[in-house]
Amino acid sequence: MALSTRIKAELLLLGLLTTGLTQVPILASAPRGFWALPENLTVVEGAIAELRCGVHAPGSAVQWAKDGLLLGPDPRIPSFPRYRLEGDPAKGEFHLHIEACDLSDDAEYECQVGRSETGPELVSPRVILSILVPPKVLQLTPEAGSTVTWVAGQEYTVSCVSGDAKPAPDITFLLSGQTISGISANVNEGSQQKLFTTEATARVTPQSSDNGQLLVCEGSSPALDTPIKASVTMNVLCKWRTELDEGQVRAGQSLELSCTARGGNPLATLQWLKNGQPVSTAWGTEHAQAVARSLLVMIVRPEDHGVRLSCEAYNSVSTGIQEHGVTLQVTFPPSAITILGSASQSENKNVTVSCITKSSRPRVLLRWWLGWRQLQPSEETVMDGLHGGHISMSNLTFLARREDNGLTLTCEAFSEAFTKETFKKSLTLNVKYPAQKLWIEGPPEGQRLRAGNRVRLVCLAIGGNPDPSLTWYKDSRTVTEPRPPQEPRRVQLGSVEKSGSIFSRELVLITGPSDNQAKFTCKAGQLSASTQLVVQFPPTNVTILANASTLRPGDALNLTCVSVSSNPPVNLSWDKEGERLEGVAAQPRRAPFKGSAAARSVLLRLSSRDHGHRVTCSAHSTELRETVSAFYRLNVLYPPEFLGEQVLVVTAVEQGEALLPVSVSANPAPEAFNWTFRGYRLSPAGGPRHRILSGGALQLWNVTRADDGLYQLHCQNSEGTAEALVRLDVQYAPTVRALQDPTEVNVGASVDIVCTVDANPILPEMFTWERLGEEGEDQSLDDMEKMSKGSTGRLRIHHAKLTQAGAYQCIVDNGVAPPARGLVRLVVRFAPHVEHPAPLTKVAAAGDSTSSATLHCRARGVPNIVFTWTKNGVPLDLQDPRYTEHTYHQGGVHSSLLTITNVSAAQDYALFTCIATNPLGSDHTNIQLVSISRPDPPSGLKAVSMTPYSVGLEWKPGFDGGLPQRFQIRYEALGTPGFLYMDVLPPQATTFTLTGLQPSTRYRVWLLASNALGDSGLVDKGSQISITTPGLDQPSREPDYQLPTEQPAGPSEMPLLPVLLAVGGLLLLSNASCVGGFLWQRRLKRLAEGISEKTETGSEEDRVRNEYEESQWTGDRDTRSSTVSTTDVEPHYHSMRDFSPQLPPTMEEVSYPRGEWYENMAFPGHLYDEVERVCAPSQAWGPLYDEVQMDSCDFRWPGDRYEDARGIYDQVAGDLDPVDPDAIPFELRGHLV
């Protein structure tokens, strides 16, 4: 016991500590600790338990321990399916949640926090989870639910054992509802650990009053909401005895009679008789005492009065039946009292009532009470009743007075035999008397009320019994509320209300015309009160009467407007669609609701425009400022009439839809709509491209220009017919019908480019013109005049210039897509212009009578040009087989190639003149045929970029002498002795970056050209410059152009050793030339054959432009020969290397189709090839020159592929191997002309 007390004290202290800890707020800044500790918890088996644990230990594992067993940090706790961790771990909530607790959960628990970097492990105080197990059953001895028979006065032992429970239950015994004391109880261990049972024993001594009662064993426990119970029913036997005096017994009591027979063998058989009839045959025996007993229990009733009850005993050996009995004397009160007569009577009148009782023994006396006042009966009577009893009756008559109303009238029955009981019957006296006063509260009589206003009438009465029934009457008719719910509630009748002695009933009216001069009466019995209302109301009904029902144009219509009733009278007026009409007053009729009636007539002359119009009659009350109107809609029958808004012209777009609307008025509606077009009637049922809509409109789709025209509409109804014409204007996109292509004009003259179209509509500004050409070219039409008249547009060109030649496009847009486009070529005719970029052009060839040379002459002009050649001013005989000419034409560019075979230095080194002629004039150029020689010096050397360590150079190559040439750069730093050389790669480049320079240094740079016959020398001013490289702190820049500097004047000293070496070398070469002359002769022949092959292959023709314009060469390109430039004054030369015409020659005169008219604007051919056809037929013409590559559907010349014209004759004998100049034969060194 001491140990248990100590444990409880420790648990109590632990609970106080944990409670205190949980109430101490944990600061958010605390590194580690508990902010919620678990507490001891007691739950009933099967309930839910939750042990709280709140920690502040970020990054630490938290788990629970049960009796020292760790459950693990997994929130689901897999080993214990009913366990889980609840709460938000982020907030430090790790509450242990247990579902459906059982005895296995009864243990000690603690919350543990694992060790982490922020601190050591934490363990909460241990708490106890107590599981309460309620007892399931109680085992009662004798068996629960049975009936036990005991003898009154004897002692019996009863035991009760509980089932397993925790804690042990408390057991008590109840006998007939009373707790039995002196119970002994023992607590024992249950079927498993921690469970207990309780065994209780009680001694019971039953009494006769316990017969039929329950003996209950009741078990209670903290785990139970209500105790569990087990019980037996007691059958208590006792000896016969009676407490009756001389057999007197009260009806309704329980009578117990015991009959005992002693001795006999076998023991006696007992039975009870009632007036000789068996009523009970149950008995019992006690063999030890040789006693037989029988107990008769019965409820005494009034009809048992005078009944004899007897007990008979006998056995198998008895000679007779022994009998002992008693006669019952039963007393009983009256079962009911009845008052006959009415307790309701008018004041000052007699009330007569009678009081009658049921049978009673002994008889009862009657007396009357009115409130607390006793009344004397007028007559009393006693009569025999049932079961030996008596019936009492008393009559009473008294005067009803107003002050007795509501008092209780009581008939009371009493007797000395029933001193503790009173038998009464009461009625409430109802004395009737009328109300003392009746009146009505409401608007004063004569006050004018507006119809629709709410009026409240209240009927008041004082006193009266019964409560006065206040009834409202309107002109002798009872006022009731309207029954149909859809009708507005104009009348609201309240119920009778009582306040003290005042009674009231409210009548609420929404006044109407029928309430005018109406008399409202309130009645209460014989009393009544009345009031009369005066209601002003607008006309209750305005009606228009007509003298005719069928109306047609021209008819006269008489309309009469009648205002049935109003108060006060109204003024009538007429109007038609807002137009006031003059009317005539008519004789008024009698008006209901005691109001005034009015009438007014108007006469109308009708037309078709009046159909559907409303003629309105307005009844206006000046005093009420209110108007009531009615209208009469005119139904005028008339034939169809087309309205002013009928559309007469409809515009549609070709291939679109068109709707020809109908705006017609008719009454009745038109029966049919018939459309005709060009004499043909359109099917009313519709067709592939039309249908007639329900309103008569004609809808067309996929309209064409053939649908353009007048459409006739025919409408008909029962009154007549009407016709109308509607024009359909079909608009369509423009189509070019005539366009003169090509259009020719001499330079400086004027011409019109004419474009004729078919279109609808024809708009003044629908013609626009465009000039086609390359990007960046002048495509402006500002100097041209644009004109249009009707379907023809003109582009007038004044003083035509070569720059205006080309393709033009006529664009026509009349607002209907798509716009039409037509192409036309403008050909500007001009005199020949030979391209001669320099006064003299050179062509080099070996004059060994084995080589060939080609002279190229190109000119521009329209129409075609005829070429003629002269040599040294003498016309060239083209019949000579050594001379062959080929002429080429492409647009306005014309070329003539003169090929000279077996070139002879004596005959062919001459001045050749090319003459170009057409009907508008002529022009010429000179070409010098010369021998192969050293290259001419390059020109135009300049620096194009510069850095501290490099300089970018650019130059123009000179005549290459008929052989491949290469370039070399010589430079020196001023103030530093010696020269430096740099070869230009690739050899034929015209730009080069010289590197390896020093910053802030002045240099002098020379450029040399060389071929197999030697170099160009350093005497030309255009082949040397001086530069100064920028410093490191200066940005790279474009150098300022510096003119070439001359070699300083002064005698040039030649070293002796180089002179001697040169003389010796010449001697050795002369000897070697004699030995190898034959070999070099063979090499010369092969060299001449190679040159001839090169010249026969030709060269690429220049790129030409799409327009006729003056020749302008496009930039300088890197070539191995000198280029032709109009800015240079020095003679330049064309090399014959790599010149190779790719196309066969064409005839000089080609007939072209002249100006024809075309609808589709596709060009059948082009006059001078300057405008390519839209899509040229394949294989029609090959390109005249390889440099001109035109797409079959491209109108533009490939301007980005123009080549430098100065390179036409470059690269002659480009495949010759470089040789020593001294090894070339003398006749090829270019000195003989």
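Cut-offs applied
Residues numbered from 1 in each chain as written. Predicted model: local features only at pLDDT ≥ 70, side-chain atom pairs only at ≥ 80, totals over all residues. Heavy atoms only, no water. Disulfide = S-S within 2.5 Å. Helix = DSSP H or I, 4+ residues; strand = E, 2+ residues; numbered from the N terminus. Buried < 20%, exposed > 50% of the residue type's maximum accessible area, 1.4 Å probe, protein only. Phe/Tyr/Trp six-rings, centres within 6.5 Å; stacked < 30°, edge-to-face > 60°. Lys NZ or Arg CZ within 6 Å of the ring centre and 35° of its normal. Pairing = 2+ DSSP bridges. Axes fitted to C-alpha atoms, helices over the stretch in contact; angles between N-to-C directions. Salt bridge = Lys/Arg side-chain N within 4 Å of Asp/Glu carboxyl O.

**A short note on the state of the cysteines**
Under the counting rule described, the total for this entry stands at eight disulfides. In this model Cys-561 forms its disulfide with Cys-617; the gap between the sulfur atoms is 1.9 Å. For the disulfide bridge between Cys-561 and Cys-617, the dihedral angle about the S-S bond is near -80 degrees, and by the sign convention the bridge is left-handed. Pair noted here: Cys-561 is in strand 52 (residues 556–566) and Cys-617 is in strand 57 (residues 614–621), with a separation of 56 residues, a long-range link. Neither Cys-561 nor Cys-617 differs from the other in exposure class; each is buried.

**Details of the packing of aromatic side chains**
Counted according to the given criterion, the structure contains eight aromatic pairs. Ring plane angle 10 degrees and centroid distance 4.1 Å describe the contact between Phe-677 and Tyr-711, whose orientation is recorded as stacked. Highlighted residues: Phe-677 in strand 63 (residues 672–677) and Tyr-711 in strand 67 (residues 709–717), separated in sequence by 34 residues. Each member of the pair, Phe-677 as well as Tyr-711, is classed as buried. Arg-705 extends its terminal NZ or CZ atom over the ring of Tyr-732, reaching a point 3.6 Å from the ring centre. Sitting over the face of the ring of Phe-979, Arg-970 holds its NZ or CZ atom 4.1 Å from the ring centroid.

**Digging into the sheet that holds strand 25 (residues 284–286)**
The sheet built from three strands is open, its strands ordered 22-26-25 with antiparallel pairing. Unpaired on one side and paired on the other, strand 22 (254–262) and strand 25 mark the two borders of the sheet. Sheet twist, expressed as the average angle between the axes of neighbouring strands with direction ignored, equals 25 degrees.

**Observations regarding the pattern of salt bridges**
Using the criterion set out here, one finds 48 salt bridges in the structure. With its nearest N and O atoms 3.6 Å apart, the salt bridge here joins Glu-218 to Lys-229. With Glu-218 in strand 19 (residues 214–220) and Lys-229 in strand 20 (residues 228–237), the pair connects residues that are 11 residues apart, well separated along the chain. The class for Glu-218 is buried, based on a relative accessible area of 18%. Linking Lys-498 and Asp-467 is a salt bridge whose minimum nitrogen-to-oxygen distance equals 4.0 Å. Taken together, the positions of Lys-498 in strand 46 (residues 497–499) and Asp-467 in the loop between strand 42 (454–462) and strand 43 (471–474) put the pair 31 residues apart, joining distant regions of the chain. With relative accessibility at 44%, the residue Asp-467 sits in the partly exposed group. Counted as one network, the salt bridges with shared partners bring together Lys-66, Arg-82, Asp-102 and Asp-105.

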